[in-house]
Amino acid sequence: MISRAIDVIEIRDCELQPQTVIERLQSNLEQRWAGKESVDFVHSGPKALRPGHLMQVEPSIAALNFPGLNEALIDLTLHTQLDEPQFTSTVPVVGKLIVAIRSLWNRVSTKWYVLPMLWQQSDVNTRTATVLSSMAQWQEIQAQHTAALQHKVAKLEARLAKLESEEYR
Amino acid sequence: MRIYQLTNGMMYGDAISNHVLEIDARLRAWGHTTAIFSGYVAPEMEGKVRPDKDYVAHLNDADSLLIFHYSVYNPNVRLFQTTRARRLLIYHNITPARFFYKWDTGIAAQCDIGRQILRQLADCEFALGDSDFNRQELIAAGFSPEKTGVLPIFLTTDFFESCAPDPGLKSSLRESGDVNWLTVGRVVPNKALEDVIRVFYIYNQYINPASKLYIVGSQYVKFYVEQLKVLVADLGLHDQVVFTGRVSDADLVAYYQAADLYLCASYHEGFCVPLIESMYFGVPVLARKSTAVPETLGHAGVLFTELGYEAVAEMAHLLVEDQALRQRVIARQKARLDELSPQRAEAALKFALSHFGI
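A. The arrangement of the pairing of strand β4 (residues 65-70) of chain B in detail. Residues and elements named next belong to chain B. Among the 6 residues in β4, 6 count as buried, and that is most of the element. By the alternation rule, side chains of β4 split into L65, I67 and H69 and L66, F68 and Y70, which are all buried. Note that β4 and strand β5 (residues 86-91) share 6 bridges and pair parallel. The residue of β5 that forms the bridge with L65 is R86. Regarding the hand of the β-α-β motif, the stretch spanning β4, helix α2 (residues 77-82) and β5 is right-handed.

And the structure:
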């Protein structure tokens, strides 16, 4: 069913005389689409892109061949960043002092040297996770191609079998 | 005062990079000492921008102000979290991870981390969104409303004025006399480019076969791009839909100047700079009413609220063919550009700085 213009289009500039534009639009819709059904996008095109499917997570072919792949990649990416340890102490009374001294010592002795290395390693981890994720995408694309080819081959084989059976009849 | 800016990447022609440079120029003009630090520094920015690691030397400078631009997860967020400087966050929005789950787990995870960390930044002294939509997201993430504001993107037309279109491309785009539809931006799932393609299909097959759709923007979600190309093939639009990939500035200007209509079907935008660019180049905008899009357009352009593919395609046809309507829409878009003048952004920046006694 064709949607009505007034349900779909919103014109906020009053100088454009929205009502007049909507009426013209509705008239065009009625003229061009009278008696026609709306184009069926719900059942055509790649399933992943059909209306209503955009954010539906369905197991990909590659993920089916390698269970847990997507979860593993998310987990890897979530763990790419190295964290600085935070000093704590459960020692009563002087605990805060111990933490302060250790933090101060860390700041003076190692922070400026170790921290850039932490960032460097985090950067390497991030890049590694990105590359692996790209490889997983590539694998999914290849898996989709293979599935499409298998489907085609099956159809061709069926046609061939039919032709052969007709030939021998 | 010493005011530093920290960001994810600085490159020529990028909206956030331009914004950072414009802020820097204002701060200098107002007498402050400034520096820009960035995770990625494109070769053309060397000299103007320093690598983010250089900011480490300023971590203990408690009398300075650090402005952090947050648009994507970057490990340098830790510098913002650990600095002793006073802290101002500018949030440019991070796309919700749900748009990427089925397409790219790596990007989905990065969006997730980015949004999780946003909540941890709520203890900064003041935070700005570049739209009220972004400001509302800050509040939802735990920022106190009275410590938030809106700083619109600094719109400077100098860049476009100084950038000539590629003459060969522009004439080839105009040569055939086809009606050119344009959509610009990263080819990512939240932009719902499949809807753009479907609306164009209706227009091309039932209204005007002499038409082309140009999808301009970087393509890094490979599986999504692949599926869009399958859709184009299934609809028999090989010759009518062009995926250009990322283009040079001269080519981008040529695409805008040769465009008859800009269509945006995006489900999620924090600001949407291509809408502004379309207004600047006099291209009528037809856009989905979602997230920050209506705010950026103001009363300009035309919105669609649902699909309605046929109704949207017919509206596109009116915007292309009805010259009187088209010119009125373009004039309103130009007026909207004036409302988003740099002076308005300057005032908002001054207001934000006043929270730091500057």
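B. Representation of the packing of helix α12 (residues 309-321) of chain B against helix α13 (residues 323-339) of chain B within the structure. Residues and elements named next belong to chain B. Remark: α12 packs on α13, axes separated minimally by 5 Å, with the N-to-C direction vectors making an angle of 90 degrees. In terms of orientation, α12 and α13 fall into the roughly perpendicular class. Here M315, L318, L319, V320 and E321 of α12 lie close against α13, whose contacting residues are Q323, L325, R326 and V329. Across the contact of α12 with α13, the residue classes break down as 6 nonpolar, 1 polar and 2 charged.

C. Expanded view of the sheet that holds strand β11 (residues 261-264) of chain B. If you walk across this open sheet you meet the 7 strands as β1(A)-β13(B)-β12(B)-β11(B)-β8(B)-β9(B)-β10(B), and the pairing is mixed. Because the sheet does not close on itself, it has two edges, and the strands there are β1 (9-10) of chain A together with β10 (241-245) of chain B. In the sheet, β11(B) pairs with strand β12 (residues 285-288) of chain B via 3 bridges, with the strands oriented parallel. The partner of Y262(B) across the bridge, within β12(B), is V285(B). Along the sheet face, helix α10 (residues 273-280) of chain B touches β8 (179-184), β11 and β12 of chain B and points at about 165 degrees away from the line of β11(B).

D. Geometry of the domain arrangement of chain A. Taken as a whole, chain A is organised into domain 1 (1-57) and domain 2 (62-167). Distance between the C-alpha centres of domain 1 of chain A and domain 2 of chain A: 41 Å.

E. Structural detail: the sheet that holds β4(B). All names here are of chain B. The 7 strands are arranged β3-β2-β1-β4-β5-β6-β7 in an open sheet whose pairing can be described as parallel. If you trace the sheet from one side to the other, it starts and ends with β3 (50-51) and β7 (148-150), each paired once. Of the strand pairs in this sheet, strand β1 (residues 2-10) and β4 are connected by 4 bridges, and their pairing is parallel. Counterpart to I3 in the pairing with β4 is L65. Against the sheet, helix α1 (residues 15-29) contacts β1, β2 (33-41), β4 and β5, and its axis sits at roughly 165 degrees relative to β1. Across the sheet, helix α4 (residues 132-140) lies against β5, β6 (126-129) and β7, angled at about 165 degrees from β7, the strand it touches most.

Cut-offs used in this document
- Residues numbered from 1 in each chain as written.
- Chains lettered and ligands numbered in written order.
- Predicted model: local features only at pLDDT ≥ 70, side-chain atom pairs only at ≥ 80, totals over all residues.
- Heavy atoms only, no water.
- Buried < 20%, exposed > 50% of the residue type's maximum accessible area, 1.4 Å probe, protein only.
- Helix = DSSP H or I, 4+ residues; strand = E, 2+ residues; numbered from the N terminus.
- Pairing = 2+ DSSP bridges.
- Right-handed = clockwise from strand over helix to strand, strands pointing away.
- Axes fitted to C-alpha atoms, helices over the stretch in contact; angles between N-to-C directions.
- Parallel < 35°, antiparallel > 145°, perpendicular 65-115°, else oblique.
- Contact = heavy atoms within 4.5 Å.
- Nonpolar A, V, L, I, M, F, W, Y, C, P; charged D, E, K, R; others polar.
- Domains from an automatic or database assignment.

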